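Coordinate inspection notes
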Amino acid sequence: DTGVSQDPRHKITKRGQNVTFRCDPISEHNRLYWYRQTLGQGPEFLTYFQNEAQLEKSRLLSDRFSAERPKGSFSTLEIQRTEQGDSAMYLCASSLRTPVVGELFFGEGSRLTVL
Amino acid sequence: QQQVKQSPQSLIVQKGGIPIINCAYENTAFDYFPWYQQFPGKGPALLIAIRPDVSEKKEGRFTISFNKSAKQFSLHIMDSQPGDSATYFCAAIFYGQNFVFGPGTRLSVLP
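Since the structure is predicted, the reported quantities are computational estimates derived from the model, not experimental observations.

Rules of the game
Residues numbered from 1 in each chain as written. Chains lettered and ligands numbered in written order. Predicted model: local features only at pLDDT ≥ 70, side-chain atom pairs only at ≥ 80, totals over all residues. Heavy atoms only, no water. Contact = heavy atoms within 4.5 Å. Buried area = accessible area lost by both parts, 1.4 Å probe. Salt bridge = Lys/Arg side-chain N within 4 Å of Asp/Glu carboxyl O. Polar contact = N/O pair within 3.5 Å; in protein donor to acceptor, adjacent residues only side chain to side chain. Helix = DSSP H or I, 4+ residues; strand = E, 2+ residues; numbered from the N terminus. Nonpolar A, V, L, I, M, F, W, Y, C, P; charged D, E, K, R; others polar. Pairing = 2+ DSSP bridges. Axes fitted to C-alpha atoms, helices over the stretch in contact; angles between N-to-C directions.

Frequently, the measure chosen for interface size is the accessible area that the parts lose on association. At the junction of the two partners, chain B supplies 19 residues and chain A supplies 21 residues. Summed over both partners, the interface of chain B with chain A buries about 1,600 Å², with 52% contributed by carbon and sulfur atoms. For the pair chain B and chain A, the number of links is one salt bridge. In this structure, the connection of chain B to chain A is made through five residue pairs in polar contact (both at pLDDT 80 or more). Elements with a minimum of two residues in the side of chain B that touches chain A: β4 (30-38), β5 (45-50), β9 (86-94) and β10 (98-101) of chain B. The leading source of residues in the side of chain B that touches chain A is β4(B), at four residues. Class assignment of the residues belonging to the side of chain B that touches chain A gives a composition of 11 nonpolar, seven polar and one charged.

Before going further, it helps to examine the side chain of Ser80(B). Structurally, Ser80(B) can be placed in the loop between β8 (72-77) and β9. Each residue touching Ser80(B), except ones within four places of it in the same chain, is listed here: Val13(B), Gln14(B), Lys15(B), Gly16(B), Gly17(B), Pro19(B), Arg61(B) and Val109(B).

Residue and element names in this part refer to chain B. The strand order across the open sheet formed by five strands is β1-β3-β8-β7-β6, and the pairing between neighbours is antiparallel. The sheet is open, and its two edges are formed by β1 (4-7) and β6 (56-59), each paired on a single side. In this sheet, adjacent strand axes meet at a mean angle of 15 degrees when their direction is disregarded. The pairing of β1 with strand β3 (residues 20-25) spans four bridges and is antiparallel. Following the sheet pairing, Gln6 is matched in β3 by Cys23.

Given below as structure tokens:
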């Protein structure tokens, strides 16, 4: 499978715990994006990388969220001290440096439930 | 200013009908306008996209109409099929980098 893969697909955690999600993009794609999607809403931009550089981070993203892409390949998104409001689907997407015809390739997402 | 507004929130049509989904934006810095389709449990996938210097684009049964002066664009699905039942998101690309998505339209096509 050469698509974007995300792990885990589902995570249930208790409030206050830390969680980490991993994204493996399509191999030749040097841009990687993280989005959050809640029920009935469109994907909300969190951050994106070009290679290993984090180029933009949403102002909506609290300091409990951190993302890395250490070698310009896979990426991790960590949420510290989770809150119930963090419950959402976390989507990873990748693209070529300049997305051709507006194409992001999304993974199937990591669903987080905070109890 | 980076918002994309989308309507309706949900839409039900009979098979063969032509559902129309509308989007509007404010920021004229947006330079590309894609539409994404999402099935339950899946990530969104690109359906069709249009540049602001083009007024209409067709790909198969899907057509985008773009009105630059009104800052509006819409998706039409010709001869809709039950398999088209999904959530549709319009989006706008900001300076070729960041994607801003609308809130989505849940389409149901009845057999």
